[in-house]
Amino acid sequence: SSGINAEYGHNIFLAPYRLHVKYFNERQFWEDYNEVLIERGMKDRGRVLALVQGEVKRRLGLEEDVTKIIETVKSEYRPLYPQIFQYSRSCCVPGFLNLADRCRSGELTKSMLTDKYLSVIGEGVYMVEALSPTFCEMMLEELDNFNARVLQKSRPNTMNRSGVMVEELGLLDFVNDLIADLLAPISLVLYPEWCGDDGLDSHKSFTLKYALKEDTELAYHYDNAEVTFNFCLGRDFSGAEVYFTKMTGEPEAGQYMEAEHVPGHVLIHRARHMHGTKPLLSGSRYNILTWLRSSSLRNSFCPMCRSKPRLTPSVRMGDGFTV
C-alpha cells in the first residue's frame, strides 16, 4: 500500500523569507534559523512560529481534508466539459503520441529522441509540443468554472497558493491514464536511472496559476519526485520563465539555463534539478504539473529529508512511498 513520510516537519517553505526550514520543536527551530531569519528581515518571532506550526498542522490533517473535498466535489460539482475527465488520446497532438509510441516500442533511443524530437534546453531539460489547442482551451474554461464554484481547495504544495490538486478536480483517472500511455514510456527512455526497478508507480499532479496579485514567481527549489512533466495550458502572459542550475546535492559550477513556456508545450526535467520561476510581467499563465515518483528509489531515501523515511500508511498515493 502507499505511504507518506511521518516526518511532517521537513522542508517547510517560509515564503516571506524565501527559506526552506525543518521544524521538530521550538528549541531546535530557533537554534537552526533565528540568525538567518533576522538577516532576512524577521521582526516578529511569534508570527514566524505560527506560520511553521500552522504548516505542520495542515500536513497532519491533509489526508482527511482532501478526502472531504473530493467527496464534496463529486456530489456537488457539475463539469463544464465532462468529456475531458475521461482520458482520450485526442488531448495530445499527433507528434507527441508518435514519439511516445516509438519510445514504448523500443524504436527510439535517448539520443534519437533528443536529437530529432525534443527541443533541448540544456542537459536533461527538454521541451516539446504535447497538448492540443482544443484541449488546452477546454481545460482553461473548466478551471475557471471550478474555481468559481468550489471554494474549499487544498494548496497544491507549500510554495504555491494558486492551484488545484487533480484528485480534487476529478482528473485523477485522466492523469493516471495519461502517465501510463505516454509519460512513463518517454521517461524510461530519457531518464532510466530515475525510474527505479519497478518504474514510476505513483505521482502527485496539480494545476498552477501565475497571475498578478496572486503567485507571480517561484523561489529556487527542487521537486519532491523523480521526473517532472510541466504542461503549459496558456493564456496570454509575458515573463515567468523557468530557470535551471545544478542537480540538488551537486556543487555550483556556473550552470544556468532558461525555458520560456509555450501554450500546449510540456517542459520535461529531472525533478531534483534545481530550478525556479522568474517574475510574471503581465497576463496569467496556467499549467498542469505531474511529479512522477518511483517507490523503489524513494523507500530507501526521501529526497526532501535526505534520509530513510519513517513511513505511515496513506489512503491515497501518499508521497510516492510504499509500506
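Please refer to the structure placed before this passage.
All values derive from a computational prediction rather than experimental measurement.

> Kindly report on the overall build of the protein chain, identifying the contributing residues and their values.
Scanning the protein chain from N- to C-terminus turns up 9 helices and 17 strands. For a compact globule of 323 residues, the expected C-alpha radius of gyration is about 20 Å, and the protein chain comes in at 20 Å, within 12% of that figure. Each principal axis of the C-alpha atoms in the protein chain carries an extent, and together these give about 55 × 50 × 45 Å. Considering only intrachain contacts with a sequence separation of at least 6, the fraction spanning at least 24 residues in the protein chain is 78%. Carbon and sulfur atoms form 51% of the exposed surface of the protein chain, whose accessible area is close to 14,800 Å². A gap of 4 Å separates the mean positions of the 37 positive and 43 negative side-chain charges of the protein chain.

> Tell me about the layout of surface pockets, residues and numbers included.
Its boundaries defined by the atoms lining it, the largest pocket holds a volume of some 400 Å³. In terms of lining, the largest pocket is formed by 19 residues, of which the most central are Phe13, Ala15, Arg155, Thr158 and Met159. Elements supplying a minimum of two residues to the lining of the largest pocket: strand E2 (12-14), helix H2 (45-60) and strand E8 (218-221). Here the lining of the largest pocket is built from residues that sort into 9 nonpolar, 2 polar and 8 charged. Size it by volume and the second largest pocket reaches roughly 320 Å³. Within the residue set of the lining of the second largest pocket, elements represented by two or more residues are helix H3 (62-76), helix H7 (166-169) and helix H8 (172-190). When its residues are assigned to classes, the lining of the second largest pocket shows 7 nonpolar, 2 polar and 5 charged.

> Which residues make up H8, and what are the values?
At Ile179, H8 shows its maximal kink, close to 50°. Among all positions of H8, only Phe174, Val175, Leu178, Ile179, Asp181, Leu182, Leu183, Pro185, Ile186, Ser187, Val189 and Leu190 are buried.

> Can you break down the sheet that holds strand E14 (residues 273-277) residue by residue, with the values?
Sheet architecture is open: 4 strands sit in the order E8-E14-E11-E12, paired in antiparallel fashion. A single partner strand is all that each edge strand has here, and the edge strands are E8 and strand E12 (257-259). Put simply, the sheet's adjacent strands are angled 25° from each other on average, direction ignored. Bridging between strand E11 (residues 242-247) and E14 involves 4 bridges; their strand directions are antiparallel.

> Before we move on, can you summarise empty space enclosed by the protein with the specific residues and values?
The full count for this structure, using the stated rule, is 2 cavities of 30 Å³ or more. In this structure, the second largest cavity spans a volume of roughly 60 Å³. Together, Leu131, Phe135, Phe174, Val175, Leu178, Phe231, Ile288 and Thr290 line the second largest cavity. Every element with two or more residues in the lining of the second largest cavity is listed here: H8 and strand E15 (280-293).

> Could you give an account of the packing of helix H4 (residues 94-104) against H8, with specific residues and numbers?
At a minimum axis distance of 8 Å, the contact between H4 and H8 shows a crossing angle of 60°. Considering the angle they form, H4 stands oblique to H8. Seen along the crossing, H4 lies across H8 with a hand that is left-handed. Contacts between H4 and H8 involve Phe96, Leu97, Leu99, Ala100, Cys103 and Arg104 on the former and, on the latter, Ala180, Asp181, Leu182, Leu183, Pro185, Ile186 and Val189. Broken down by class, the residue content of the contact of H4 with H8 amounts to 11 nonpolar, no polar and 2 charged.

> Go over the packing of aromatic side chains with me, naming the residues and quoting the values.
If you walk through the whole model with that rule in mind, you get 11 aromatic pairs. Measuring from centroid to centroid gives 4.9 Å for Phe29 and Trp30, while their planes differ by 70°, and the two rings are edge-to-face. By the burial criterion, Phe29 is buried, and Trp30 matches it. Feature note: the residues Tyr23, Phe29, Trp30 and Tyr33 constitute an aromatic cluster, connected by ring pairs.

> So, the environment of Pro309: which residues are in play, and what are the values?
In this fold, Pro309 is placed in the loop between helix H9 (295-298) and strand E16 (311-313). Distance from Pro309 to Pro156, taken between C-alpha atoms, is 22 Å for residues 153 residues apart in sequence.

> Describe H4, listing the residues and the values that go with them.
Buried within H4 we find Phe96, Leu97, Leu99, Ala100, Arg102 and Cys103. Where H4 is buried, its residues meet helix H5 (110-116), strand E5 (125-129), H8 and strand E13 (265-270). Phi turns positive, to about 85°, at Gly106, one or two residues after H4.

Rules of the game
Residues numbered from 1 in each chain as written. Predicted model: local features only at pLDDT ≥ 70, side-chain atom pairs only at ≥ 80, totals over all residues. Heavy atoms only, no water. Helix = DSSP H or I, 4+ residues; strand = E, 2+ residues; numbered from the N terminus. Rg over C-alpha atoms; globule rule 2.2 N^0.38 Å. Contact = heavy atoms within 4.5 Å. Areas by Shrake-Rupley, 256 points an atom, 1.4 Å probe, with all protein chains shown as cover. Lys, Arg positive; Asp, Glu negative; His and termini not counted. Charge placed at Lys NZ, Arg CZ, Asp CG, Glu CD. 1 Å grid on protein atoms, 1.4 Å probe; cavity = no way out; pocket = protein on both sides within 12 Å on 5 of 7 lines; lining within 4 Å. Points joined across faces, edges and corners; volume = space filled by probe spheres on them. Nonpolar A, V, L, I, M, F, W, Y, C, P; charged D, E, K, R; others polar. Bend = angle between axes of the 7 residues up to and from the residue. Buried < 20%, exposed > 50% of the residue type's maximum accessible area, 1.4 Å probe, protein only. Pairing = 2+ DSSP bridges. Axes fitted to C-alpha atoms, helices over the stretch in contact; angles between N-to-C directions. Parallel < 35°, antiparallel > 145°, perpendicular 65-115°, else oblique. Left-handed = near helix turned anticlockwise from the far one by under 90°. Phe/Tyr/Trp six-rings, centres within 6.5 Å; stacked < 30°, edge-to-face > 60°.

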